[in-house]
Amino acid sequence: MTGPVLELRGVEKRFAGVVACGGISLALHPGEIHALLGENGAGKSTLVSLLAGMQTPDAGEIEVGGKRFAGLTPAQALASGIGVARQHPLLVPTQTVAENLLLGGAGWRRPRRDRAGEDFRHTGDGFGFTLSPHALAGSLTPAEQTQVEIVRALWRGWRVLVLDEPTSALSHDASARVLRRLRDLRDLRESGRGILLITHRLDEALDIAGRITVLRRGVVSGTLGPEELAGGGRAELRQMIRSMMFGDTAAPSPTPLSQGEGAFCSPSPCGIGLGGGVAPTLELAALHAPGLHGISLTIAPGEILGIAGIDGNGQTALAEAIAGLLPATSGSVALDGTPVTSLPAAARHRQGIRYLSDDRMHEGSAGALPLALNLLLKRIGAPPFWRAGVQQDAAITTHAQAAIDGFDIRAPHPWAPIATLSGGNIQKALLSRELDGAPRLIVWHKPCVGLDALAAAQVQARIRSAAVQGVASLLISADLDELFALAHRIAVLDRGQIAGVIDNGPGARAAVAALMTQ
Amino acid sequence: MTRRARALLPFALALLLCGAVLLAVGVDPFEYGAVVLRRGLFSPRGVQESLSRAAPLLLIAASLMLSFRAGLWNLGVDGQFLLAATVTAATAPVLDATFGRAAALLGGLALAALTGAAWAALPAALRAWRGLNEIVTTLMMSFLGVSLANTLIKLVLRDPDTTVPQTLTLPVAERLPRLFGSTVHLGLPLALGIVLGMHLLLTRSAIGLRLRVLGESPRAARHMGLDVPRLTFTALLGSGALAGLAGGVDILGVWGTVRADWNPAYGLMVVPAVLLARLNGYWAALVVALLAVLSVGTESAAVRLGVPSYFNLVFVAVVLLSLGAARPRRV
């Protein structure tokens, strides 16, 4: 038996101290489709970047085609025959499909657009792609861009094909067709080629892969070889892989919720699981918007509804559609029974709809502006901070001082530029801005992302106490532990639709895991 | 080296380099410097001319501060200026003859502002609602504006009684009132007030804060619930109006007419000045005053010593480059 086509040995990658890959070893054998499974943050995307040469590992080595590399450059990755079809396509929008294929060729050679176009048609036909090679890449839909990525990855003569979440843009059928076609290529084995399929969809992996590796928090948490895959029943395998992906899903949630527990419900009946006895604070009815395809959900006063799902399935669109930043194409948003669908963001803010951005540096705050003004950026012009349009420094300072004291914001001065604060303190400032006044509903978009454990705990305590005071919350998070610790119910968002809603409690983890890996 | 010495170093370097250039073309740099300063600053006529020159430059500075603070690059001020100057020069004498001086002056200024705003409207709308890069569109519109102004003067607005193509002329007595018996006109205090007012508007008001958030990050502005396209459109339109007003003030205060092929290109001069002042109105006023002295002084020196008046732009450029070179390295 010949050796593996691609082998990773102890590959590590850290970003600012955070471990993305913590010593991953795996081997891709010739003729094999090897599926790499894992939830958000498991290290899949980092691994793809390392293979494409976009990132260099901090430690470990990559062996491909008999050559060992401490790290690949993009040119080395191409020369070694690693073709990568990315989840988020990297195409030049102003160039045609054919020209995008030609990128990276020798600079002194005349680009053969016609031949590239013909090759594209030929390869694409086999997959059922019907795209014109003369179309501008920027005019393509995400699914079409993924098709171009796949053809481009194959086009240069490949040894290793890396398909990163092809189903996130392609339909299930389309991606299954691509994978079957690749498997059936007669020479997959003889030519010593292998395919690495990165996915979070269990059945896709079970249908097609000859070997499965599961990543969890940057390390390999389990591997299933051909014998195990052939030997086990489907349900049994699913259960096994899920526990590798999410930890022990049979175990109860870390902080199980009980209905009467004071920490989670306001003293008044909060309506959760009470059969809708209390009018909901937020109600979305068949909401359609770019990226959202018919979302219906309700959140009761004091309830925290968690949104789980792989990134890029409509989380940002959902948050923005509720906040009033993304206009609905149809359907409705109602706050306390009153429709707000046609109101712009500022008016919704006044009515008590708040949105904490997941990008606190570039969206949630204006870095060069003082902390004191950043706390009021959603209320510019409002009295008593502005009178007849003129800024009232005394009132603004008093307001900022109250936020600094109340939220323990560590800042040199209320008028210091907010960018001079640490990430945790900026987040506290933004929390104080969204909790200011009389919030009715808050969309928390990844509130703890990038924070250290202490700062994250403080933020989570704020979310809980807001709920106790009767504020309805929509908590979008990529961190399942956070969702199970805070939310009363968890909805799984999948390609712009709600795949299901699970009550938090024993067994919720397994149910959410099942929805996420469908 | 003390901090102050460090701060002055780039200026010393610029003087040295410009002196070397003058020597190379056979001009005594000390004599040149003396002429520039005497004719721009240390003579009664020079200082009055410099102060009059400062008026349009200050208004352009206000125009650029408004645009740059909002993160928008209105590089079309020269076209907006010249077109507005031409419209004012063509209409003010008619208004004066029909309705009198007040109508000529107020109407001329209003028309100038409107013309500047109108010439900025297309790039502003394209930026606001179509996302087209305003750096390119305002610059292109500027070339069109300059050509259109020349075409209008030669074909439509030409004063039939003159040999050189130029617009009608507003009589000296009908122009903006002079201050205290000098040749300095009312446009100067008006422009100074507008620059300082713009500074206060941008730093102390609700609308100014909205523009600053936009300039800081359009994404943040959108997140805060601001109407980003409308804000973008308004800022560029306002910037165009002020550039147009500069043209009106220069015509109604100093020239009284626009000759074909006249293009002072003040915008090119003021852009670096405003950036040097870091968009601060007080500093901008000071830097612009120095520019006015330089610009008037070098014009005289051009006649006397044969060094083209563009040398003031060479000097400004060398100052900026040496300031850039002396900047502490970014870590």
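Colleague: How would you sum up the overall build of chain A? Please name residues and give values.
Modeller: Regarding its fold elements, chain A presents 17 helices and 22 strands. For 518 residues, the compact-globule estimate of 2.2 N^0.38 gives 24 Å, and chain A sits close to it at 25 Å. Within chain A, the proportion of its 518 residues that are buried is 46%. Considering only contacts in chain A between residues 6 or more positions apart, those separated by 24 or more positions represent 68%.

Colleague: Can you lay out the interface of chain A and chain B for me, pointing to particular residues and giving the numbers?
Modeller: Chain A puts 23 residues into the contact, and the matching count from chain B is 16 residues. Contributing elements (two or more residues each) for the side of chain A that touches chain B: α11 (345-351) and β18 (390-391) of chain A. Per-element accounting of the side of chain A that touches chain B gives the leading share, 3 residues, to α11 of chain A. Class assignment of the residues belonging to the side of chain A that touches chain B gives a composition of 12 nonpolar, 9 polar and 2 charged.

Colleague: Break down the sheet that holds strand β16 (residues 353-356) of chain A for me, with residues and values.
Modeller: Two pairing modes exist for strands in a sheet, parallel and antiparallel, and in both the strands are linked by backbone hydrogen bonds. All names here are of chain A. Read from one edge to the other, the open sheet built from 6 strands follows the order β16-β19-β20-β13-β21-β22, with strand pairing classed as mixed. If you trace the sheet from one side to the other, it starts and ends with β16 and β22 (497-503), each paired once. Neighbour-to-neighbour, the strand axes of this sheet turn through a mean angle of 20°, independent of strand direction. When β16 meets strand β19 (residues 441-445), the two strands line up parallel, connected through 4 bridges. Among the inter-strand pairings, Tyr355 is bridged to a residue of β19, identified as Val443.

Colleague: Describe the environment of Ala92 of chain B, and please don't skip the residues or the numbers.
Modeller: Residue and element names in this part refer to chain B. Counting through the fold element by element, Ala92 comes out in helix α4 (residues 77-99). With 73 residues separating them in the primary sequence, Ala92 and Pro165 have C-alpha atoms 17 Å apart. When near neighbours in sequence (up to four residues on either side) are disregarded, Ala92 contacts Ala104, Gly108, Leu170 and Leu252.

Colleague: How would you explain helix α8 (residues 206-216) of chain B if you had to name every residue and give the values?
Modeller: Among the 11 residues in α8 of chain B, 10 count as buried, and that is most of the element. Residues Ala206, Gly208, Leu209, Arg210, Leu211, Arg212, Val213, Leu214, Gly215 and Glu216 of chain B constitute the buried set of α8 of chain B. Buried-residue contacts for α8 of chain B involve α12 (371-374) and β17 (386-387) of chain A together with α3 (44-69), α7 (187-204), α9 (218-223) and α10 (228-255) of chain B.

Colleague: Summarise the sheet that holds strand β14 (residues 330-335) of chain A; cite the residues concerned and give the values.
Modeller: Residue and element names in this part refer to chain A. Spatial ordering of the open sheet is given by β12-β11-β14-β15, a layout of 4 strands whose pairing is antiparallel. Of all the strands in the sheet, just β12 (292-299) and β15 (338-339) have a single pairing partner and so form its edges. Taken together, the 5 bridges between strand β11 (residues 282-289) and β14 define a ladder with antiparallel strand orientation. Of the residues in β14, the one forming a bridge with Leu284 is Val333.

Colleague: Residues and numbers for unusual backbone geometry, please.
Modeller: Excluding glycine, most residues fall at negative phi; most peptide bonds, likewise, are trans. Note the cis peptide between Pro383 of chain A and Pro384 of chain A, where omega equals 0°. Relative to the elements of secondary structure, Pro384 of chain A occurs in the loop between α12 and β17. For Phe180 of chain B, which is not glycine, the phi torsion reads 50° and is therefore positive. Note that Phe180 of chain B resides in the loop between α6 (134-155) and α7.

Colleague: Explain the pairing of β12 of chain A to me, using residue names and the numbers behind them.
Modeller: All names here are of chain A. Here 6 bridges tie β11 to β12, and the two strands are oriented antiparallel to one another. Residue pairing in the sheet places Leu287 in a bridge with Ile295 of β12. Hairpin connection, β11 to β12: the antiparallel pair is bridged by 2 residues, and Gly291 has positive phi, about 95°.

Colleague: Residues and numbers for the pairing of β22 of chain A, please.
Modeller: The side chains of a regular strand alternate, first on one face of the sheet and then on the other. Residues and elements named next belong to chain A. By the bridge criterion, 6 bridges tie strand β21 (residues 489-494) to β22 in an arrangement that is antiparallel. Residue Ile490 lies in a different strand from β22, and its bridge partner there is Ile502. Hairpin geometry of β21 and β22 is characterised by an intervening segment of 2 residues between the two adjacent antiparallel strands and by a positive phi of about 50° at Arg495.

Colleague: Describe the nonpolar core, and please don't skip the residues or the numbers.
Modeller: In this structure, Leu58, Ala61 and Val288 of chain B are the most contacted members of the largest nonpolar core, which totals 243 residues. Setting aside residues no more than four positions away along its own chain, Ala61 of chain B makes contact with Val195, Val270, Ala273, Val274, Ala284 and Val288 of chain B.

Colleague: Break down the domain arrangement of chain A for me, with residues and values.
Modeller: All names here are of chain A. By domain assignment, chain A separates into domain 1 (6-87 + 158-246), domain 2 (261-352 + 439-518) and domain 3 (362-437). Taking only C-alpha atoms into account, the centre of domain 2 sits 26 Å from that of domain 3. Tallying the contact residues gives 10 residues for domain 2 and 8 residues for domain 3. Looking at which element gives the most residues to the side of domain 2 that touches domain 3, the answer is helix α15 (residues 453-468), with 4 residues. In terms of residue class, the side of domain 2 that touches domain 3 is built from 6 nonpolar, 2 polar and 2 charged.

Colleague: Describe the environment of Arg230 of chain B, with residues and values.
Modeller: All names here are of chain B. Considering the arrangement of structural elements, one finds Arg230 in helix α10. Given 11 C-beta atoms within 10 Å, Arg230 falls into the exposed group. Once the C-alpha coordinates of Arg230 and Ala128 are considered, the two residues, 102 residues apart in sequence, prove to be 6.8 Å apart.

Colleague: Summarise the environment of Trp119 of chain B; cite the residues concerned and give the values.
Modeller: Residue and element names in this part refer to chain B. In this structure, Trp119 sits in helix α5 (residues 101-130). For the pair formed by Trp119 and Gly79, sequence separation is 40 residues and the distance between their alpha carbons is 7.9 Å. Those residues in contact with Trp119 that lie beyond four places of it in its chain are Gly79, Gln80, Leu83, Met141, Gly145 and Gly240.

Colleague: So what about the confidence of the model for chain B? Which residues, and what values?
Modeller: Averaged over every residue, the pLDDT of chain B is 90; the share at 70 or more is 98%. For this predicted complex, the interface confidence score (ipTM) comes to 0.85, while the overall pTM stands at 0.79.

Colleague: Now, about the packing of α7 of chain B against α8 of chain B: what can you tell me, with residues and values included?
Modeller: Residues and elements named next belong to chain B. α8 packs onto α7 with a crossing angle of 70° between their chain directions and a minimal axis gap of 5 Å. Put simply, α7 runs roughly perpendicular to α8. Across the interface between the two elements, Leu201, Leu202, Thr203 and Arg204 from α7 touch Ile207, Gly208, Leu211 and Arg212 from α8.

Colleague: How would you explain the confidence of the model for chain A if you had to name every residue and give the values?
Modeller: For chain A, per-residue confidence averages 85 on the pLDDT scale, and 93% of positions sit at 70 or higher. This model gives residues 250-275 of chain A a pLDDT under 50, and the stretch forms 46 contacts once residues within four places in sequence are excluded.

Analysis parameters
- Residues numbered from 1 in each chain as written.
- Chains lettered and ligands numbered in written order.
- Predicted model: local features only at pLDDT ≥ 70, side-chain atom pairs only at ≥ 80, totals over all residues.
- Helix = DSSP H or I, 4+ residues; strand = E, 2+ residues; numbered from the N terminus.
- Rg over C-alpha atoms; globule rule 2.2 N^0.38 Å.
- Buried ≥ 20, exposed ≤ 12 C-beta atoms within 10 Å, placed from the backbone.
- Contact = placed C-beta atoms within 7 Å.
- Nonpolar A, V, L, I, M, F, W, Y, C, P; charged D, E, K, R; others polar.
- Pairing = 2+ DSSP bridges.
- Axes fitted to C-alpha atoms, helices over the stretch in contact; angles between N-to-C directions.
- Core = buried A, V, L, I, M, F, W, Y, C linked by C-beta atoms within 7 Å.
- Domains from an automatic or database assignment.
- pLDDT = per-residue confidence, 0-100.
- Parallel < 35°, antiparallel > 145°, perpendicular 65-115°, else oblique.

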